[in-house]
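Here are the chains, one letter per residue:
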There are 2 protein chains.
Amino acid sequence: MAKSAARLKDIAQQTGFSVNTVSLALRGSPRIPDETRRQIVEMADKMNYLPNQVAKSLVMKETRSIGLVLTDITNPVLTAVAQAVELELSRLGYITLFATSNNQLDLERKVIETFRQRRADGMLIFPCNHRQIDHIRKLRARNYPVVLLVGDPDAGVDAVCMDERAGAFKATTYLIDSGHRRIALIHSGGENGNFEKLDGYKMALAAAGIPFDPDLLVASRGHDVRNGFGAMETLSGRTTGATAVFCSNDSLALGALRFCTVRGISVPRDLAIFGFDNIEFAEHAATALSSVNYDIEAITGLAIERVISLINAKAEWPAPRVTLVEPDLVIRESTAGQWRPASRIG
Amino acid sequence: MAKSAARLKDIAQQTGFSVNTVSLALRGSPRIPDETRRQIVEMADKMNYLPNQVAKSLVMKETRSIGLVLTDITNPVLTAVAQAVELELSRLGYITLFATSNNQLDLERKVIETFRQRRADGMLIFPCNHRQIDHIRKLRARNYPVVLLVGDPDAGVDAVCMDERAGAFKATTYLIDSGHRRIALIHSGGENGNFEKLDGYKMALAAAGIPFDPDLLVASRGHDVRNGFGAMETLSGRTTGATAVFCSNDSLALGALRFCTVRGISVPRDLAIFGFDNIEFAEHAATALSSVNYDIEAITGLAIERVISLINAKAEWPAPRVTLVEPDLVIRESTAGQWRPASRIG
DNA sequence: CCTCGTAGTATTAACGATAATACAGCACCG
DNA sequence: CGGTGCTGTATTATCGTTAATACTACGAGG
């Protein structure tokens, strides 16, 4: 903290008015006549006065800060979310407190506690596990404004999130409609109990009367480019006859694409690849990647709106509401054209 | 802010001790006997007490928060910096306040002011312009702990940053040593007065006795993949005989690489490409990219160390110190092999 | 037996702001 | 001419914590 910032008291002493008069003048109270205000404002400028937000927060019982808990900020989607949230909140006069849980439940608990200690007015949370959110439910029970950015409809906590099931369904259906019958799924969500994308994939197959083949399912160890490469390697080692691969995120898809480049598998001729999230690099990959678009602006916008409405809810505390945003597909080169039986991999 | 959090006063009332006794007990003062402490701690747990950091900050005159001003969090380097800073600061018991200046000087001023109002104990700043930092100098003059993450040695403000000149020198020299004589530079830093990389490039040429050719210099409009593609297009439209391209960041290099892919220019056979920053996607590009490594851990670690030492400096306020971290090269496929006169572009 | 130190606890004063209330002085009105 | 209301300002309380100081009881020492 700066050693010796000017306080209201200092301005009061210099101008000869009382602290309260100075405070009122600077806040534009109509009870202070223009001449008095002029003197005070002038002195405040001269002394480089900046109100102490800490003191203000204490008496006003609001910090105008909102905590954002991310699992991992290097994930391009979360980076973009962080950016969008910070931008919108600063527009609304809030500061954003960031913390990353690094996908560890105990760390998540700790950062939430830290935010609570700092009296963040509300929180936006990407829980590291959809199924273990008791500590978050407890927050809500104590009337703390919380909005999840990934959530179950039956979580009992407000949430605004992408309808991953619908996204996976749409993408898989698109591949089916393009003539594919043997569609692999490279999936990373398993460990945290995220089966929405798998569900959507299965539903699309079922809707088209295609039986689900476990051989076409590859569980990647993590969710970055390297894991995508490895998963694609695993897949190509099986005899599956896959003509398309749907990846549960774009980094995995880029890894799969790179594997194809290295092995001379032509995309989309030999293999179509569909990603998820539509990150910036998807568009600019060696072969531009088709992807399920994560509409970050829409989701963060709604989540912020919700958390602020909870903050402003005085007496009547509304029932939790889960908003699902249905994603659109972005079709690019990696899934171009109708697929006709020709070459296959594996 | 949560509607009804337990306060010291509430614990005091429940246990029958005074507020001060409760405070001392919870902070582990030796003056409180074990039995008293036990009762108080028990009650605190039962009431789910969490100290109010706002009140604490007010009286302790420190918020244990540090502001980080970034130009643009979607820049992968800055994302990684944000992550590293947040991680290290949280380890040290600080919270990180983020804000982005979006490369606008007035916004930068505004967010710095916001941090000052919130009494951040110190700030780490990526200034949007190396040359216009008067407002930051003024901060330091008021004994506010600030450390720049990009800086001039003569800025008069503490800074810890990558030696971009040395990095550019090293990369260009590497290309020269690989046999290249016609080395283009795709450069984005111009508008903000960042000429370090250009300088390093020119120094390397001069050291090798190669004359600088302005035709080989392409100023990109921005610094993302699209701009790299465009810049490469511009370059290939000139008759320059370039055999290598050094790009002032990896996104530009990825764009250049993509242009080559599209136009059938083989990398590195027809053209070597060297990037800058060594972002994650550089390694996983269609052709793995050689790059100047930005040692984020080292730089953020030193910067944090410095800002904290400034925070703890009581009376003696040390003279500003600029620390330059010399980067290493990461050589990958995109600059593989010695270059022999064969095909050229342009 | 009276002082003195000390252990345990309480009281009071900060921190820097806002909010509620109080109090002059003056104009207006019946 | 006394009350009433307004205008401009000051006083006081409050937010939840820490820090400095004050008190009380008790045991030890001269």
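Chains are numbered independently. Their residues run from 1 in the order of the written sequence. Throughout, the order in which chains and ligands are written sets their labels, letters from A for the former and numbers from 1 for the latter. The model is predicted, so local features are restricted to residues of pLDDT at least 70 and side-chain atom pairs to those at 80 or more, both for listing and for counting; the totals for chains, interfaces and linings are taken over all residues. As a rule here, side-chain values cover all heavy atoms of the structure and leave hydrogens and water aside.

Section: the packing of aromatic side chains
Turning to step 1, where the next piece is worked out: In this analysis, rings of Phe, Tyr and Trp, with Trp reduced to its six-membered ring, are considered paired at centre separations within 6.5 Å, and the interplanar angle assigns stacked below 30 degrees, edge-to-face beyond 60, and tilted for intermediate values. Scanning all chains against the criterion turns up twelve aromatic pairs over all chains.
Turning to step 2, where the next piece is worked out: Here the aromatic rings of A:Phe246 and A:Phe274 are separated by 6.2 Å at their centres, their planes lie at 80°, and the arrangement is edge-to-face. A residue pair is termed long-range when its members are at least 10 positions apart, and A:Phe246 in strand S8 (residues 244–247) and A:Phe274 in strand S9 (residues 272–277) qualify at 28 residues.
Turning to step 3, where the next piece is worked out: Think of it in three bands: residues with accessible area under 20% of the maximum for their type are buried, residues over 50% are exposed, and the middle band is partly exposed, with areas taken using a 1.4 Å probe on protein chains only. Taking relative accessible area as the criterion, A:Phe274 reaches 0% and is therefore assigned buried.
Turning to step 4, where the next piece is worked out: Ring pairing ties together the aromatic residues A:Tyr174, A:Phe246, A:Phe274 and A:Phe276, which thus form one cluster.
Turning to step 5, where the next piece is worked out: For B:Lys197, the ring lying beneath its charged end belongs to B:Phe276, and the centroid distance is 4.4 Å. Under the scheme used here, helices are H or I runs from DSSP no shorter than 4 residues and strands are E runs no shorter than 2 residues, and both carry numbers assigned from the N terminus. Charge-over-ring placement is defined geometrically: NZ (Lys) or CZ (Arg) within 6 Å of the ring centre, and within 35 degrees of the ring normal.

A short note on the interface of chain B and chain A
Turning to step 1, where the next piece is worked out: The partner chain A presents 62 residues to the 61 residues of chain B that form the contact.
Turning to step 2, where the next piece is worked out: Note on chain B versus chain A: buried area summed over both sides is about 5,700 Å², and carbon and sulfur give 58% of it.
Turning to step 3, where the next piece is worked out: Just to be clear on terms, a salt bridge is a Lys or Arg side-chain nitrogen sitting within 4 Å of an Asp or Glu carboxyl oxygen. At the surface where chain B touches chain A, the tally comes to two salt bridges.
Turning to step 4, where the next piece is worked out: As a salt-bridge pair, B:Glu283 and A:Arg226 come within 3.8 Å of each other at their nearest N and O atoms.
Turning to step 5, where the next piece is worked out: Of all the secondary-structure elements, those providing two or more residues to the side of chain B that touches chain A are helix H4 (53–60), helix H5 (76–91), strand S2 (95–100), helix H6 (105–117), helix H10 (225–237), helix H11 (250–263), helix H12 (280–283) and helix H13 (296–312) of chain B.
Turning to step 6, where the next piece is worked out: Broken down by element, the side of chain B that touches chain A gets its largest block of residues, six residues, from S2(B). Throughout, a residue-residue contact means that at least one pair of heavy atoms, one from each residue, lies within 4.5 Å. Accessible area that two parts lose when put together, with a 1.4 Å probe and added across both, is what the buried area reports.

Notes on the protein's contact with DNA strand D
Turning to step 1, where the next piece is worked out: Any residue with a non-hydrogen atom lying within 4 Å of a molecule or strand is treated as near it. Close to DNA strand D lie 24 residues, the nearest being A:Ser18, B:Leu8, B:Asn20, B:Ser23 and B:Tyr49.
Turning to step 2, where the next piece is worked out: Separating a phosphate oxygen of DNA strand D from a side-chain N or O atom of A:Thr21 is a distance of 3.1 Å.
Turning to step 3, where the next piece is worked out: Here a base nitrogen of DNA strand D and a side-chain polar atom of A:Arg31 are 3.0 Å apart.
Turning to step 4, where the next piece is worked out: At the level of elements, helix H2 (19–26) and helix H4 (53–60) of chain A together with helix H2 (19–26) and H4 of chain B are the ones that each hand at least two residues to the surface near DNA strand D.
Turning to step 5, where the next piece is worked out: Top element by residues in the surface near DNA strand D is H4(B). It accounts for four residues.
Turning to step 6, where the next piece is worked out: Tallied by class, the residues present in the surface near DNA strand D amount to ten nonpolar, eight polar and six charged. The term polar contact refers here to a pair of N or O atoms within 3.5 Å; inside protein, the definition further demands a hydrogen-donor-capable atom paired with an acceptor-capable atom, and it admits residues adjacent in sequence only when both atoms are side-chain atoms. Here the term charged refers only to Asp, Glu, Lys and Arg, the term nonpolar to Ala, Val, Leu, Ile, Met, Phe, Trp, Tyr, Cys and Pro, and the term polar to all other amino acids, Gly among them.

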